Amino acid sequence: MNKFDSVPLRKIPFLKRITLLLFFMSLTINAQIDRIEPPFWFAGMHNPELQIMFYGKDISQYQVTAANSIAITDIKKTENPNYLFVTINTKNLPAASIDFLFKKNNKVAFTQKYILKQRREKSAQRKGFDASDMMYLIMPDRFANGNPKNDSSNDTQEKADRSVAGGRHGGDIQGIINNIDYISALGATTVWSTPLCEDNDKAFSYHTYAQSDVYKIDPRYGTNEDYKRLASELHKKDMKLVMDYVTNHWGIEHWMMKDLPTQDWIHQFENFTQTNHKRSTISDTNASKIDTDICLDGWFVSSMPDLNQKNPLVLNYLKQNAIWWIEYADLDGFRVDTYNYADPEGVTAWTKSITDEYPNFNIVGEIWMHNQAQMAYWQKDSKIGAIQNFNSQLPSVMDFTLHDAIGTIFNEDDGSWDKGMVKVYDNFSNDFLYPNPNNILVFAENHDTARINHVYNNDFKKYQMTMALIATVRGIPQLYYGSEIGMSGDKDKGDADIRQDFPGGWKGDENNAFIKEGRTPGQNEYFNFTSKLFNWRKTNEAVHFGKMTHYIPENNVYVYFRYTDKKTVMVVINNSKEEQTFKTVRFQENIQASKNGKDVLTGNPYDLSSEISVEGKSVLILELDK
């Protein structure tokens, strides 16, 4: 109850009555605008054009001007009177506030301040992740609970209940910050977190891909300031932060779904229509229009409305939202979910708007295809895409064909024409299709796939071969949280099983795998190997940007070299059960004058003058002398 509610107005002094009247008038005025997006912007951007969305009851009835002779270049109204899209040119405008005047009948009804903030120094030149990095993928709800006070929120429907496999468990941004040293000790230089913006679904909201507010961190993870602090803490340790961005869809609980700006803001059908997931239709010259349309316009699932990037207002909203997060949180890259489910022209324009603003920024798209040509089609400057006059502008793609091979090869003991290590050889033999093979994300698993330790029944030798492979081939290696301590999970039991809680991330956990003393002997075996491998990788330029030469596997033994003018690394993966001995003369074009090699994992020396013996189901990573 207001303290004045029970006081008769006549008993309140005249001046106080005037003050109260003005106060309640101000409440009415402020209520005219419920949301402003972007909530603020930045001075000195490469693209000076800024489109501000004002949202409030019947907001479009007002005429809008800006004070201080700031030119409004465009005003767009839609069929929904609650939206107004106002465009200004910020060129040469200083970091300051802008007063927007909302008029009715030529009288100012109310004003609204809008802030242009100062950019960070050299913000436009920020350097994204590249092949010198190792990326650590985290599902924040399942990693570590650093702040139990935010496990549930009054603003969100689903409450924390760790006993529910597919529920909210309480992991958060503070949990990541608390364990940056652990991540760094693994040799990781980059953190990719699955989405952190608010997901207000009633259930299964922990994955956060059905976002309900793309300008707000989910309160169960923390605040926008917490996210910015995460980037800052990583940068202090020369580490990078990658945001998981979704251009294709939002969640059904997104606030706009309750009051759409335009009917074509999302793709709508007479009856619910799900995508057919056949993304090959986009480049398929024989594909029917209906199949292509359903692929692109159908909803991913019933709880994720499909955004219409052909609508200029939608596309501009997504562009500005992405750039706002980069600038606000000081990000180093994007991983883009379901990249090629979105309208190709729209998502291309979205990507280019970001790389125009930040030329050294990196963006990796989830191009979940099973054919190298179809994946290469989507990398920037692809000659395959050029056949159809298409250039996605997307710097990096995810190597799903390598992932496909990794999911079977180490269970194939007898290499043959199409089994075992020849699958890996064949994968890299198609690298000529990619315009930039070094800028491809390589991985054994992620939050959507089978856990590699389950696939290989926690066979440590097979884990070693898997990690050695992704650490030494071309591209950017990605490690999924928990694999480095032997975490497993059965995809056939549902997604929750491959997204289990990291042991030690919650107070009271019996097993704390974040510290050496808390890990079991088996967990330490996994951790120590992973840490040694990827910390070595950090120091070796040959496996960052060096060339690659590989040799046709024999007896299920795959040999390849990564090299620069100064360094050469020889990798031998023996995927057979038996020890294999082979003569080194076959590899002379890469060994050249080197006489010896040193195994980076064991420190053991190897004489390269005649022959090498390698134990069954094992790997050698040899640094050659020069």
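Here the structure is a predicted model, which means the values were calculated and not measured.

Okay, the nonpolar core next. Of all hydrophobic cores here, the largest spans 162 residues; its most connected members are Phe-100, Tyr-136, Tyr-227, Trp-265, Phe-334 and Trp-350. Once residues lying within four places of it in the same chain are set aside, the contact partners of Phe-100 are Ile-52, Phe-54, Val-64, Thr-65, Ala-66, Ile-72, Val-86, Ile-88, Phe-110, Thr-111, Gln-112 and Tyr-114. Counting 16 residues, the second-largest nonpolar core is a separate cluster that includes Phe-561, Val-614, Leu-622 and Leu-624.

Another aspect to go through is the layout of surface pockets. There is about 500 Å³ of room inside the largest pocket. Lining the largest pocket are 26 residues, and of these Phe-300, Met-304, Asp-448, Asp-495 and Arg-499 sit closest to its centre. Taken together, the residues of the lining of the largest pocket break down into 10 nonpolar, eight polar and eight charged.

Our next topic: the sheet that holds strand β4 (residues 63–66). Overall, mixed pairing links the four strands, which are arranged β2-β8-β7-β4 in an open sheet. Every other strand in the sheet has two partners, leaving β2 (41–42) and β4 as the edge strands with one partner each. Across four bridges, β4 lies against strand β7 (residues 97–104) in antiparallel orientation. The partner of Thr-65 across the bridge, within β7, is Leu-101.

This part is about unusual backbone geometry. The omega angle of the peptide bond from Glu-37 to Pro-38 is -5°, so this bond is cis rather than trans. Take Pro-38: it is sitting in the loop between β1 (35–37) and β2. One non-glycine residue with positive phi stands out, namely Asn-105, at about 55°. Position of Asn-105 among the secondary structure elements: in the loop between β7 and β8 (107–117). A positive phi angle, near 65°, is found at Asp-381, a position not held by glycine. Counting through the fold element by element, Asp-381 comes out in the loop between α8 (372–376) and α9 (383–386). For Asp-381, a relative accessible area of 46% gives the class partly exposed.

Mapping Arg-168 onto the fold places it in the loop between β9 (135–138) and α2 (173–178). Taking the relative accessible area as the measure of exposure, Arg-168 reaches 1% and is therefore buried. Among the polar contacts made by the side chain of Arg-168, one reaches the main-chain carbonyl oxygen of Ser-205 at a distance of 3.0 Å.

This part is about the sheet that holds strand β16 (residues 396–398). Read around the closed barrel, the eight strands follow the order β9-β10-β13-β14-β15-β16-β17-β18; overall the barrel is parallel. Adjacent strand axes in the sheet meet at a mean angle of 30°, parallel and antiparallel pairs treated alike. In the sheet, strand β10 (residues 190–193) pairs with strand β13 (residues 240–246) via four bridges, with the strands oriented parallel. Of the residues in β13, the one forming a bridge with Ser-193 is Met-243. Here helix α7 (residues 344–357) sits on the sheet and contacts β13, β14 (333–337) and β15 (362–365); the angle it forms with β15, its principal contact strand, is near 160°. Contacts from helix α13 (residues 460–472) reach β17 (440–443) and β18 (476–480) within the one sheet, and its direction differs from that of β18 by about 145°.

Take the pairing of strand β26 (residues 618–624) next. The buried fraction of β26 amounts to six of the seven residues, a majority that puts the element mostly inside the structure. Pairing geometry for strand β21 (residues 568–574) and β26, over six bridges, is antiparallel. When the sheet's bridge partners are listed, Asn-574 is paired in β26 with Ser-618.

What follows concerns α13. Since the α-helix advances by 3.6 residues per turn, residues separated by three or four positions end up pointing in the same direction. Along its 13 residues, α13 runs 18 Å from first to last C-alpha, staying within 8% of the 18 Å computed at 1.5 Å per residue. When you tally the buried positions in α13, you get 11 out of 13 residues, the bulk of the element. Here α13 has its buried residues at Phe-460, Lys-462, Tyr-463, Met-465, Thr-466, Met-467, Ala-468, Leu-469, Ile-470, Ala-471 and Thr-472.

Inspection of the entire model under this criterion finds 38 salt bridges. Between Lys-577 and Asp-413 there is a salt bridge; the shortest N-O distance is 3.5 Å. Here Lys-577 is found in the loop between β21 and β22 (580–583), whereas its partner Asp-413 is found in the loop between α10 (400–406) and α11 (422–428), with 164 residues between them in sequence. Through salt bridges with shared partners, a single network forms among Asp-141, Arg-142, Arg-168, Asp-218 and Arg-220.

Time to look at the packing of α13 against helix α14 (residues 521–539). Two numbers describe how α13 lies on α14: the axes approach to 10 Å, and their chain directions differ by 15°. Considered as vectors, α13 and α14 are oriented roughly parallel to each other. With respect to the hand of their crossing, α13 and α14 are arranged in right-handed fashion. In this structure, α13 contributes Phe-460, Tyr-463, Gln-464, Met-467, Ala-468, Ile-470, Ala-471 and Thr-472 to the contact, and α14 contributes Glu-525, Tyr-526, Phe-529, Thr-530, Leu-533, Phe-534, Trp-536 and Arg-537. Tallied by class, residues from the contact of α13 with α14 come to 11 nonpolar, three polar and two charged.

Tallied over the full model, the rule gives two cavities of 30 Å³ or more. Size it by volume and the largest cavity reaches roughly 120 Å³. If you trace the largest cavity, you find 15 residues lining it, with Cys-197, Gln-211, Met-243, Asp-244 and Tyr-245 closest to the centre. Residue assignment for the lining of the largest cavity shows that the elements contributing at least two residues are β13 and α6 (312–329). Per element, the largest residue contribution to the lining of the largest cavity is four residues, and it comes from β13. The residue makeup of the lining of the largest cavity, split by class, is 10 nonpolar, four polar and one charged. Reported here for the second largest cavity is a volume of approximately 60 Å³.

It is worth spelling out the environment of Phe-514 at this point. Structurally, Phe-514 is set in the loop between β18 and α14. Accessibility expressed as a relative area gives 10% for Phe-514, which makes it buried. For the pair Phe-514 and Gly-504, spaced 10 residues apart in the sequence, the C-alpha separation amounts to 6.3 Å. Setting aside chain neighbours within four positions, we find Phe-514 in contact with Phe-143, Ala-144, Asn-179, Tyr-182, Phe-502, Pro-503, Gly-504, Gly-505 and Arg-519.

Within the fold, Ser-382 resides in the loop between α8 and α9. The exposure class of Ser-382 is buried, given its relative accessible area of 3%. Within the structure, the side chain of Ser-382 is placed 3.1 Å from the backbone nitrogen of Gly-385, a separation counted as a polar contact. With sequence-adjacent residues up to four places away left out, Ser-382 is seen in contact with Ala-376, Tyr-377, Phe-390 and Pro-435.

Parameters at a glance
Residues numbered from 1 in each chain as written. Predicted model: local features only at pLDDT ≥ 70, side-chain atom pairs only at ≥ 80, totals over all residues. Heavy atoms only, no water. Core = buried A, V, L, I, M, F, W, Y, C linked by side-chain atoms within 4.5 Å. Buried < 20%, exposed > 50% of the residue type's maximum accessible area, 1.4 Å probe, protein only. Contact = heavy atoms within 4.5 Å. 1 Å grid on protein atoms, 1.4 Å probe; cavity = no way out; pocket = protein on both sides within 12 Å on 5 of 7 lines; lining within 4 Å. Points joined across faces, edges and corners; volume = space filled by probe spheres on them. Nonpolar A, V, L, I, M, F, W, Y, C, P; charged D, E, K, R; others polar. Pairing = 2+ DSSP bridges. Helix = DSSP H or I, 4+ residues; strand = E, 2+ residues; numbered from the N terminus. Polar contact = N/O pair within 3.5 Å; in protein donor to acceptor, adjacent residues only side chain to side chain. Axes fitted to C-alpha atoms, helices over the stretch in contact; angles between N-to-C directions. Expected span 1.5 Å × (residues − 1). Salt bridge = Lys/Arg side-chain N within 4 Å of Asp/Glu carboxyl O. Parallel < 35°, antiparallel > 145°, perpendicular 65-115°, else oblique. Left-handed = near helix turned anticlockwise from the far one by under 90°.

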